[in-house]
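So the chains spell out like this:
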Amino acid sequence: MKAAAAAALVASASAELGASLHLGHDHFGGHEMERSFLMYTELPMGEAALKAKGWHKHGSTCDPHLGYAWTEEAAGNTKSAPIVLYTTQGGQVSGVGMTVVGYDGNAPMPAEQKKWATASPLAPADIAEEVAHIDVAFRSGEIVCSGKTEAASVGTTLIVNPAGGAGKSMTIPLKEAEVQKQGWHKGSCFDGMGYHWFLDTSKQDGTMSWMAQNLFPVVAMYHEGEMNAIFFAAHLSQVSIPFLKANEWDPAGLDSEKMCKNTCDEDCDFKGMVDTFSTAHVYFRDHKEVTCPSDLKCGITFPLRASCCEAERAAVLV
C-alpha cells in the first residue's frame, strides 16, 4: 500500500511539473487584457467576466477555431463597438477580433491582405458599409470546444484567421527570436508594449517595402523576448473624431511620419494609405508592467517613453 501511494504521489507530482513546464514554454500574457493606446480600457477575460460587463454571446454551437463570439452590442459589431471577444466551451478567453469598415468606395482591406480576413465571422455586423473582420485565436485544438480549461490565463498560441486554412492563416510566434527567423522586421520599443515587429507580406525576409498594401494587418510586440501585445492595422482611418470618438481604435489616425515612430528606420516612408493608418492595440497584461530598456534612445519621452531604439538603429529619431 505504501509503495502504491508513493507511486501515485510521484505520478501526480510529475503531471503537475509537466503541466507547469508546458505552461512556461507555450503560453503568453498575464492575468488581464487591455485595449487602446493612451485610452487604456480593460477587456473582460472569459465568459463570467463578459456576462458581468453586459456583453452579448452569439451562436449556440462551439466553433472549433474560436469558440463563441461576444460583442458589446446585442446586434453584433457596430462602427462604434467593432471588437469581438471569444471564449471556449469551458469559459476561458480564446481570441479577439476587430471589424474594419470601408467607406467612400474604398475597401476595408487592401486586396493583398484580404485573405487574412475571416470568411464567415461568428458575430453579426450591424454596419451598412463593406467590412472585413480580422480574428486572432489564442487557443487551438480540443481545448476550444471540449469544456475543459487550461492553466494559461490568456492563451497558448496566436493564429490570425484560424479557420482560413493553408495560405490564409498565420501563426505569430510567441517568442521574439522566432519572429525574427520568420522574416518579420524589428521596429521601435514603446513603454507598455515592447518592441514592434512588422511583416511585409511581399518580402517576408526582414525588410520592408513601406507600401501599406503589403503590411500584414496584425503587428506583434514583444517584451523581454516574450509576446506582450498586438495591434490591428487598417490602411484607412476608422476614427470618427480623434480622441473623442475613436470607435475603440487608438485615439487618432497615423500618417506616415507617425506610423514610422513605430520603427527605427531612416528610410521609413509609408505609401498607399487611403488617408491615414488606424491601429487598435490589444495588451495581454497590465501595460504599466512593461518598460523599455533604459539604455535606448527615445524619440518620445512624454507621457511615456516611446519610439525607442538602440543607438545604432536610432537614425530615424534625429
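As a starting point, this report considers the structure included with it. Remember, it's a predicted structure, so these values are computed and weren't measured experimentally.

Right, let's talk about the overall build of the protein for a bit. Within the protein one finds four helices and 16 strands. Expected size for 318 residues packed as a compact globule is a radius of gyration near 20 Å; at 20 Å, the protein falls within 12% of this value. Each principal axis of the C-alpha atoms in the protein carries an extent, and together these give about 75 × 50 × 35 Å. Expressed as a percentage of its 318 residues, the buried residues of the protein come to 51%. When contacts within the protein are restricted to residue pairs at least 6 apart in sequence, those whose partners lie at least 24 apart make up 61%. Carbon together with sulfur atoms contributes 53% to the accessible area of the protein, which is approximately 14,000 Å² in total. Positive and negative side-chain charges of the protein, numbering 24 and 38 respectively, have mean locations separated by a distance of 3 Å.

What follows concerns the environment of lysine 297. Looking at the secondary structure, you find lysine 297 in strand 15 (residues 297-300). The spatial distance from the C-alpha of lysine 297 to the C-alpha of serine 153 is 34 Å, given a sequence separation of 144 residues.

With that out of the way, let us pick up the layout of surface pockets. Put simply, the largest pocket is a space of about 370 Å³. Phe37, Leu38, Phe190, Leu254 and Lys258 are the residues nearest the centre of the largest pocket, which is lined by 20 residues in total. Partitioning the lining of the largest pocket into residue classes produces 13 nonpolar, four polar and three charged.

Right, let's get into empty space enclosed by the protein. Within the structure shown, the criterion is met by two cavities of 30 Å³ or more. The space that makes up the largest cavity amounts to roughly 80 Å³. The residue makeup of the lining of the largest cavity, split by class, is nine nonpolar, two polar and no charged. Computed from the structure, the second largest cavity encloses a volume of approximately 40 Å³. Among the elements of the structure, strand 6 (93-101) and strand 14 (278-283) are those that each provide at least two residues to the lining of the second largest cavity. In the lining of the second largest cavity, the residues fall into six nonpolar, two polar and one charged.

The next thing to look at is the state of the cysteines. Summed over the entire model, instances satisfying the criterion amount to five disulfides. Cysteine 62 shares a disulfide with cysteine 145; S-S distance 2.0 Å. Taking the sign of the S-S torsion, -85° for the link of cysteine 62 and cysteine 145, the bridge is left-handed. Pair noted here: cysteine 62 is in strand 3 (residues 56-63) and cysteine 145 is in the loop between strand 7 (131-137) and strand 8 (159-160), with a separation of 83 residues, a long-range link. Cysteine 189 shares a disulfide with cysteine 292; S-S distance 2.1 Å. Linking cysteine 189 and cysteine 292, the disulfide has an S-S dihedral of approximately -100° and is accordingly described as left-handed. Separated by 103 residues along the polypeptide, cysteine 189 in strand 10 (residues 185-190) and cysteine 292 in the loop between strand 14 and strand 15 bring together distant segments of the chain. With respect to burial, cysteine 189 and cysteine 292 carry one shared label: buried. Cysteines bonded in the protein are numbered consecutively along the chain; their disulfide partners then correspond to 1-2, 3-7, 4-6, 5-10, 8-9.

This next bit is on the side chain of threonine 71. One can find threonine 71 in strand 4 (residues 67-71). In this structure the side chain of threonine 71 is engaged in a polar contact, spanning 2.7 Å, whose partner is the side chain of histidine 58. A distance of 2.7 Å separates a polar side-chain atom of threonine 71 from the backbone oxygen of glutamate 73. When neighbours within four sequence positions are excluded, threonine 71 is seen to be in contact with Trp55, His56, His58, Gly76, Asn77, Ile83, Val84 and Ala123.

Turning to the nonpolar core, a few remarks are in order. Core analysis: the biggest nonpolar cluster contains 54 residues, and Phe138, Leu158, Ile172, Met227, Ile230, Phe232 and Phe284 have the highest contact counts within it. Mapped onto this core, the elements with two or more residues apiece are strand 4, strand 5 (83-87), strand 6, strand 7, strand 11 (194-198), strand 12 (218-223), strand 13 (226-234) and strand 14. Other than its neighbours up to four places away in sequence, methionine 227 contacts Phe28, Gly29, Leu158, Ile172, Pro173, Leu174, Ala220, Met221, Tyr222, Phe284 and Arg285. Membership of the second largest hydrophobic core comes to 23 residues, among which are Met208, Leu254, Met259 and Met273.

On the surface, a cluster of nonpolar side chains totalling about 490 Å² of accessible area is made up of Leu38, Met39, Ile241, Phe243 and Leu244. Examined against the element boundaries, phenylalanine 243 turns out to sit in the loop between strand 13 and helix 4 (256-259). Here phenylalanine 243 falls in the partly exposed class, since its relative accessible area comes to 47%.

Along the chain, aspartate 250 falls in the loop between strand 13 and helix 4. For the buried aspartate 250, no salt bridge exists, and the shortest N-O distance to an oppositely charged side chain is 7.3 Å, to arginine 35. Separated by 2.6 Å, the side chains of aspartate 250 and threonine 279 make a polar contact. There is a polar contact of 2.5 Å between the side chain of aspartate 250 and the side chain of histidine 281. Setting aside anything within four residues of it in sequence, one finds aspartate 250 in contact with Ser36, Phe37, Val239, Thr279, Ala280 and His281.

Rules of the game
- Residues numbered from 1 in each chain as written.
- Predicted model: local features only at pLDDT ≥ 70, side-chain atom pairs only at ≥ 80, totals over all residues.
- Heavy atoms only, no water.
- Helix = DSSP H or I, 4+ residues; strand = E, 2+ residues; numbered from the N terminus.
- Rg over C-alpha atoms; globule rule 2.2 N^0.38 Å.
- Buried < 20%, exposed > 50% of the residue type's maximum accessible area, 1.4 Å probe, protein only.
- Contact = heavy atoms within 4.5 Å.
- Areas by Shrake-Rupley, 256 points an atom, 1.4 Å probe, with all protein chains shown as cover.
- Lys, Arg positive; Asp, Glu negative; His and termini not counted.
- Charge placed at Lys NZ, Arg CZ, Asp CG, Glu CD.
- 1 Å grid on protein atoms, 1.4 Å probe; cavity = no way out; pocket = protein on both sides within 12 Å on 5 of 7 lines; lining within 4 Å.
- Points joined across faces, edges and corners; volume = space filled by probe spheres on them.
- Nonpolar A, V, L, I, M, F, W, Y, C, P; charged D, E, K, R; others polar.
- Disulfide = S-S within 2.5 Å.
- Polar contact = N/O pair within 3.5 Å; in protein donor to acceptor, adjacent residues only side chain to side chain.
- Core = buried A, V, L, I, M, F, W, Y, C linked by side-chain atoms within 4.5 Å.
- Patch = residues over 30% accessible without salt bridge, like charges linked within 9 Å, V, L, I, M, F, W, Y side chains within 5 Å.
- Salt bridge = Lys/Arg side-chain N within 4 Å of Asp/Glu carboxyl O.

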